[in-house]
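Observations on the model geometry
The primary structure of each chain is shown beneath.
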Amino acid sequence: MKFVECTKERHSAAILAIFNDAIANSTAIYEYEPLRPEYMEKWFDTKTRGHYPVIGIENDTGELAGFASFGKFRDRPAYKYTIEHSVYVETRFRGQKLGRRLLEAIVDAAVNQNYHVMMGGVDAS
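Cut-off values and rules
Residues numbered from 1 in each chain as written. Predicted model: local features only at pLDDT ≥ 70, side-chain atom pairs only at ≥ 80, totals over all residues. Heavy atoms only, no water. Helix = DSSP H or I, 4+ residues; strand = E, 2+ residues; numbered from the N terminus. Buried < 20%, exposed > 50% of the residue type's maximum accessible area, 1.4 Å probe, protein only. Pairing = 2+ DSSP bridges. Axes fitted to C-alpha atoms, helices over the stretch in contact; angles between N-to-C directions. Contact = heavy atoms within 4.5 Å. Salt bridge = Lys/Arg side-chain N within 4 Å of Asp/Glu carboxyl O. Patch = residues over 30% accessible without salt bridge, like charges linked within 9 Å, V, L, I, M, F, W, Y side chains within 5 Å. Areas by Shrake-Rupley, 256 points an atom, 1.4 Å probe, with all protein chains shown as cover. Expected span 1.5 Å × (residues − 1). Arc of directions from axis to C-beta.

1. Things to note about the environment of alanine 109
- Here alanine 109 shows up in helix 3 (residues 98-112).
- Taking relative accessible area as the criterion, alanine 109 reaches 17% and is therefore assigned buried.

Written out as structure tokens, the structure is:
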């Protein structure tokens, strides 16, 4: 497994599939309906504009096993050093500590961008 910088062109479909699996089978994303491909265009554009990395981890054949990113937490000025992170691992690749590796990578990226607080929203499910 190796880390990669996810791109809109190369990884949109895989990330969309991971998101939609999370919508259908968990409460990780508070959506009720599957996301459409157009969503990924806006999602990646927001990441690019905000200088928010999307770090992926691929297997030896280049298949995306999971990804992590962060984005703005809240609009108030006092939160300028605070971000919210997301970590997702594709179902077939769970149980291999990839989520931990992705979280460590996204924390390093946040520190390098001078963020001081990273929030993660997790519920009981």
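2. Describing the sheet that holds strand 3 (residues 64-72)
- Taken in spatial order, the 5 strands make up an open sheet running 1-2-3-4-5, and their pairing is mixed. Only two strands of the sheet have a single partner each, and these edge strands are strand 1 (2-5) and strand 5 (117-119). If you compare each strand with its neighbour and ignore which way they point, the axes differ by 25° on average.
- Running at roughly 85° to strand 3, helix 1 (residues 8-25) makes contact with strand 1, strand 2 (54-58), strand 3 and strand 4 (82-89) of the sheet.
- Packed onto the sheet, helix 2 (residues 37-49) meets strand 2 and strand 3 and runs at close to 60° relative to strand 3.

3. Focus: the pattern of salt bridges
- This model, assessed by the stated rule, comprises 8 salt bridges.
- As a salt-bridge pair, aspartate 21 and arginine 94 come within 3.9 Å of each other at their nearest N and O atoms. Taken together, the residues span a long stretch of sequence, with aspartate 21 in helix 1 and arginine 94 in the loop between strand 4 and helix 3 at a distance of 73 residues.
- Judged by its relative accessible area of 49%, arginine 94 falls in the partly exposed class.
- When the shortest N-O distance is used, the salt bridge between arginine 36 and glutamate 38 registers 3.4 Å.
- Residue arginine 36 is classed as exposed on the basis of its relative accessible area, which comes to 57%.
- Connected through salt bridges with shared partners, the residues Lys8, Glu41 and Asp45 form a single ionic network.

4. Remarks on a nonpolar patch on the surface
- Taken together, the side chains of Leu103, Val107 and Val111 present a nonpolar region at the surface, about 220 Å² in accessible area.
- Take valine 107: it is sitting in helix 3.
- Exposure remark for valine 107: the relative accessible area of 34% places this residue in the partly exposed category.

5. Quick word on helix 2
- Look at helix 2: 19 Å from first C-alpha to last across 13 residues, which is about the 18 Å you get at 1.5 Å a residue.
- Residues Met40, Trp43, Phe44 and Lys47 constitute the buried set of helix 2. Along the axis of helix 2, the buried positions cluster into a sector of 95°, meaning they face one direction only. Facing away from the buried side of helix 2, by more than 90 degrees, are the exposed residues Glu38, Lys42 and Arg49.
- Buried residues in helix 2 make contact with helix 1, strand 2 and strand 3.
- In the stretch just after helix 2, histidine 51 is the one whose phi turns positive, near 60°.

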